[in-house]
Amino acid sequence: MILQSVNPATNRVENTFPCWSLQTTATVLDDMSEAWSRWAVFPMRERVDMLCEAAREIRARLEPLAVLITHEMGKPLREARLEVEKCAMICEHYAAHGPQYLAPMRPHGAPQDATVVFEPQGVVLAVMPWNFPFWQVFRIAAPTLLAGNGVALKHAPNVPGCAEVIEHIFLSAGLPENVFRSLFIDEDVVEPVLSHPGVAGVSLTGSCGAGSSVAAAAGRYLKKSVLELGGSDPFIVLPDAELDKAVPTAVASRCRNAGQACIAAKRFILHRDIYDEFLERLIFAMEDVRVGDPLRPDTDMGPLASVYQRDRLQNQVDRCVEAGGCILLGGSPLPGAGAFYPPTVIADVPPDADVAGEELFGPVALVFRAEDEDEAVALANGTDFGLGGAVWTADTKRGLALAARIRAGSVCVNGLVRSDPFLPFGGTRSSGYGREMAEYGLREFVNIKCVRTG
Ligand code: NDP
């Protein structure tokens, strides 16, 4: 079994990595458990210094790291640079604020003799996807390492080069050997990893199927899981919305990273009074997105991450049409060996069609008409997901009232739904559970321990 780097712009294999045996994996986990027990008692100051150094390393290597991301999963180099920069920022965020998030505390009203402390628990398995192959890893690794835990990364099989380099970054930053390791394993080995006594829990970002299967395995060994799964975020537009802002934000949200983002807007729910105008402007703006070589500076959108992902998306588009949907733009792969897919707009898919409830991981906008606000909310909450959502209206109070009715982990009124290191990130229902980032993410895998003297 081998892991392959396949450039999705050309569909050519660029690198291969052999998969580890079960025995090799077990030996590495033994080494990690031992390394963790030493890392857990490192002074906080030294953990902070390591994260600052990791941020410097990342910035020093920004260009080659961005090129690697683009080669392995196809996002435009411009976006890859931003992703790498954001990784440096999350390291700096936890270096600056992490010690305070982890400081011993006495909850308001608690007895005077009580203190709550946050202790590391072991090695955390990070099962990560390919869509943000650096960012997804750093946003779990930075807080986890700062808290004194170890990290065993099982990255997606199409980004093994990224997995390898991330381990080097932490080593160069002074992290002791075996505190962070990239495991070159396939999914069958995830359960044996979870059964290792040194592994304290698992954080997974990916599809619902992957989440359900990994969480079930974690449950068998009574290990904690945090799941950041997919989404099908609604983007509600009311008649008084400022379309000059709403339309470009809609396009950016749907086409950035070629639409392969969990918090991308995926379903556009338009009030009937604005339906025709918004739709016309959306089609016009989506048509304007330049699709092409992701290494070129004038490219807005590269290929999807693989031919497999492209075919999966096409199958969903076909099912939209079978269900009664009408393709208004795009709708079939671009010619050539690469995994290129054009910006696509589809209207009239019945909201209760199976495909309307799925995550469409590509630049495909599904458009729905709502007669009034109540119907807009019903449509917004009409899938099993609950990750993010957006409401567009000139009346902020009205927007906030609508936001309160949307069942999601984050809702933005008149803006792009995005993550921020100071804010919790995660979903409800089929979008998963637990939170990443801020102090919430930092405390997911620590032992929240109460100590009393009385
Ligand atoms: P997956 O969710 O299958 O993969 C994500 C990670 O989970 C990979 O490391 C994968 O490794 C691992 N994984 C998957 N199944 C298991 C399992 N049973 N046990 C252990 N590990 C597992 O994503 P895909 O690449 O297959 O994409 C499918 C769809 O998932 C996308 O089209 C999109 O809808 C959604 N997705 C959502 C993401 C998000 O950010 N919300 C990110 C990626 C995908 P391996 O491949 O080796 O199994």
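Residues numbered from 1 in each chain as written. Predicted model: local features only at pLDDT ≥ 70, side-chain atom pairs only at ≥ 80, totals over all residues. Heavy atoms only, no water.

Moving on: the overall build of the protein. Broken down by element type, the protein carries 14 helices and 17 strands. Taken over the C-alpha trace, the protein has a radius of gyration of 22 Å; the compact-globule value for 454 residues is 22 Å, and the two agree within 12%. With respect to the three principal axes, the spread of C-alpha positions in the protein is 65 × 60 × 40 Å. Residue burial in the protein is summarised as follows: out of 454 residues, 56% are buried. For the protein, contacts bridging at least 24 residues in sequence account for 71% of all contacts bridging at least 6. Split by element, the accessible area of the protein, about 18300 Å² in all, is 53% carbon and sulfur. Measuring between centres, the 41 positive side-chain charges of the protein sit 5 Å from its 56 negative side-chain charges. (Helix = DSSP H or I, 4+ residues; strand = E, 2+ residues; numbered from the N terminus. Rg over C-alpha atoms; globule rule 2.2 N^0.38 Å. Buried < 20%, exposed > 50% of the residue type's maximum accessible area, 1.4 Å probe, protein only. Contact = heavy atoms within 4.5 Å. Areas by Shrake-Rupley, 256 points an atom, 1.4 Å probe, with all protein chains shown as cover. Lys, Arg positive; Asp, Glu negative; His and termini not counted. Charge placed at Lys NZ, Arg CZ, Asp CG, Glu CD.)

Let's shift gears to unusual backbone geometry. Residues apart from glycine generally show negative phi values, whereas peptide bonds are mostly found in trans. Unusually for a residue other than glycine, Asn414 sits at a positive phi of about 60°. Position of Asn414 relative to the elements: it lies in the loop between β15 (410–413) and β16 (432–433). Classification of Asn414 as partly exposed rests on a relative accessible area of 31%. Positive phi outside glycine occurs at Met437, with the angle close to 70°. Residue placement: Met437 occurs in the loop between β16 and α14 (438–442). The exposure class of Met437 is buried, given its relative accessible area of 0%.

To continue, consider the site of the ligand. As a matter of local geometry, the ligand sits amid 25 residues, with Met128, Trp130, Glu187, Ser207 and Arg312 nearest to it. Between the ligand and Met128, the relevant distance is 2.9 Å, taken from an oxygen atom to a main-chain nitrogen or oxygen of the residue. Summarising the interface, the protein chains cover 87% of the accessible area of the ligand, which totals 850 Å² for the free molecule. Listed by contribution, the elements that provide at least two residues to the shell around the ligand are α8 (208–220) and α11 (307–322). Of the residues forming the shell around the ligand, the biggest block, 3 residues, is contributed by α8. Of the residues in the shell around the ligand, the class split is 12 nonpolar, 9 polar and 4 charged. Two domains each put at least three residues into the shell around the ligand: domain 1 (2–228 + 428–452) and domain 2 (233–413). (Near = heavy atom within 4 Å. Polar contact = N/O pair within 3.5 Å; in protein donor to acceptor, adjacent residues only side chain to side chain. Nonpolar A, V, L, I, M, F, W, Y, C, P; charged D, E, K, R; others polar. Domains from an automatic or database assignment.)

So, on to the side chain of Ser253. By the element assignment, Ser253 lies in helix α9 (residues 243–255). Residue Ser253 is classed as buried on the basis of its relative accessible area of 8%. In this structure Ser253 touches Ile263, Ala264, Ala265 and Leu416, once residues within four positions along its chain are discounted.

Buried residues dominate strand β5 (residues 150–154), accounting for 5 of its 5 residues. Judged by which residues are buried, β5 turns out to be covered on both faces: Gly150, Ala152 and Lys154 on one side and Val151 and Leu153 on the other are all buried. Judged from the 3 bridges that link them, β5 and strand β6 (residues 180–182) form a sheet pairing that is parallel. Considered in β6, the bridge of Ala152 is made with Arg181. Tracing the backbone out of β5, into helix α6 (residues 160–172) and back to the parallel element β6 gives a crossover that is right-handed. (Pairing = 2+ DSSP bridges. Right-handed = clockwise from strand over helix to strand, strands pointing away.)

With that settled, the discussion passes to the sheet that holds strand β11 (residues 326–329). Ordered by their spatial adjacency, 7 strands build an open sheet running β11-β12-β13-β10-β9-β14-β15, and the pairing between neighbours is mixed. Looking along the sheet, the strands with just one partner apiece sit at the ends: β11 and β15. Going from strand to strand, the sheet's axes swing by 25° on average, the running direction of each strand aside. Of the pairings in the sheet, the one linking β11 to strand β12 (residues 344–347) comprises 3 bridges and is antiparallel in character. Note that in β12 the partner of Ile327 across the bridge is Ile346. Across the face of the sheet, α9 comes into contact with β9 (233–237), β10 (265–271), β13 (364–370) and β14 (388–392) while running at roughly 155° to β10. (Axes fitted to C-alpha atoms, helices over the stretch in contact; angles between N-to-C directions.)

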